[in-house]
Amino acid sequence: MITIVTGTDTGVGKTIATAALAARAALSGSVAVVKPAQTGVGAGEPGDLAEVRRLTGLADLHEGVRLRDPLAPTTAARREGVHLPTVKDHASFVSDLAATRDTVLVEGAGGLLVGLDDEGRGLAEFAAELSVPCAFVVVTRSGLGTLNHTGLTVEALRRRDLPVEGLVIGSWPAEPDLAEQCNLEDLPAVTGVPVIGRLPAGAGELETFVHDAPGWFV
């Protein structure tokens, strides 16, 4: 099974959510994590997969292209004069991984429509090229604005006939305010997709991350 982790925006907690999903999946089988495009890091600097390794201890991690500027991959590559692999290339690599792993998690860059190759094709086109079944997990915010952003992302997935497993709230406060409490109820009603996980605020700093992570999902 291939799970594609996207977000309603940048900074919503995709990497921590990917690590938590990986920790949960590792309880029942082999897991690989793939980051097709990593931006905002230079050679030798720790990227998102280093964070996944730190939190989970997993070593089956695969980074595609790495780009210096903290921008969308297409923009960063253009500035750097780098040609990006095609989404078909990424899909072929991930499909091959899925043949020998129980779960492959793919973390996108930014939101669903952010381009991953020179033609501007992104996760949606990547998913269409896979030879193995996949489903999307959408990481979203807890507060005001999330209903619109999450609804738009799910609508874009559905218009492309791409399956959505569920929503994950990337950072759930210890004391949610009124908007957050209402959003927890309203997100499934607005999107037609269940909230399958809530990551506590500051989850990435927990020493008990691996032990606790499976309990953050329903």
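Residues numbered from 1 in each chain as written. Predicted model: local features only at pLDDT ≥ 70, side-chain atom pairs only at ≥ 80, totals over all residues. Heavy atoms only, no water.

The name an unreviewed UniProt entry assigns to the protein is ATP-dependent dethiobiotin synthetase BioD, from the organism Kribbella turkmenica. Under the Pathway (unreviewed entry) heading, UniProt states for the protein: "Cofactor biosynthesis; biotin biosynthesis; biotin from 7,8-diaminononanoate: step 1/2." (UniProt positions renumbered as here; feature names shortened; annotations may be inferred.)

Draft legend 1. Focus on unusual backbone geometry. Of note, Asp161 is a non-glycine position whose phi angle comes to about 60°, a positive value. Its location among the elements puts Asp161 in the loop between helix H6 (146-159) and strand S6 (164-172). (Helix = DSSP H or I, 4+ residues; strand = E, 2+ residues; numbered from the N terminus.)

Draft legend 2. Representation of the UniProt feature "active site" (unreviewed entry) in the protein. According to UniProt, the positions carrying the feature "active site" (unreviewed entry) are Lys35. Structurally, Lys35 is set in strand S2 (residues 31-39). Filtering out sequence-adjacent residues up to four positions away, Lys35 remains in contact with Asp48, Leu49, His62, Glu63, Gly64, Glu107, Gly108 and Ala109. Among the polar contacts made by the side chain of Lys35, one reaches the side chain of Asp48 at a distance of 2.9 Å. (Contact = heavy atoms within 4.5 Å. Polar contact = N/O pair within 3.5 Å; in protein donor to acceptor, adjacent residues only side chain to side chain.)

Draft legend 3. Region of the structure containing the nonpolar core. With 38 residues, the main nonpolar core has Ile2, Ile4, Val104 and Phe126 as its most contacted residues. By residue number, the principal contributor to this core is helix H4 (residues 87-98), which donates five residues. By size, the runner-up hydrophobic cluster in this structure holds 28 residues, among which are Leu21, Val168, Phe209 and Trp216. (Core = buried A, V, L, I, M, F, W, Y, C linked by side-chain atoms within 4.5 Å. Buried < 20%, exposed > 50% of the residue type's maximum accessible area, 1.4 Å probe, protein only.)

Draft legend 4. How the structure looks around the pattern of salt bridges. The tally for this structure, following the rule as stated, stands at 11 salt bridges. Across the pair Asp9 and Arg141 runs a salt bridge whose closest N-O atoms are separated by 3.7 Å. Within this pair, whereas Asp9 is found in the loop between strand S1 (2-7) and helix H1 (14-25), its partner Arg141 is found in the loop between strand S5 (134-140) and H6, the two being separated by 132 residues in sequence. On the basis of relative accessible area, Asp9 is assigned to the partly exposed category, the value being 35%. Overall, Arg141 belongs to the partly exposed group, its relative accessible area being 35%. Arg24 is paired through a salt bridge with Glu165; the nearest N and O atoms lie 3.8 Å apart. Of this pair, Arg24 sits in helix H1 while Glu165 sits in strand S6, and the two are 141 residues apart along the sequence. Connected through salt bridges with shared partners, the residues Arg68, Asp69, Arg79 and Glu80 form a single ionic network. (Salt bridge = Lys/Arg side-chain N within 4 Å of Asp/Glu carboxyl O.)

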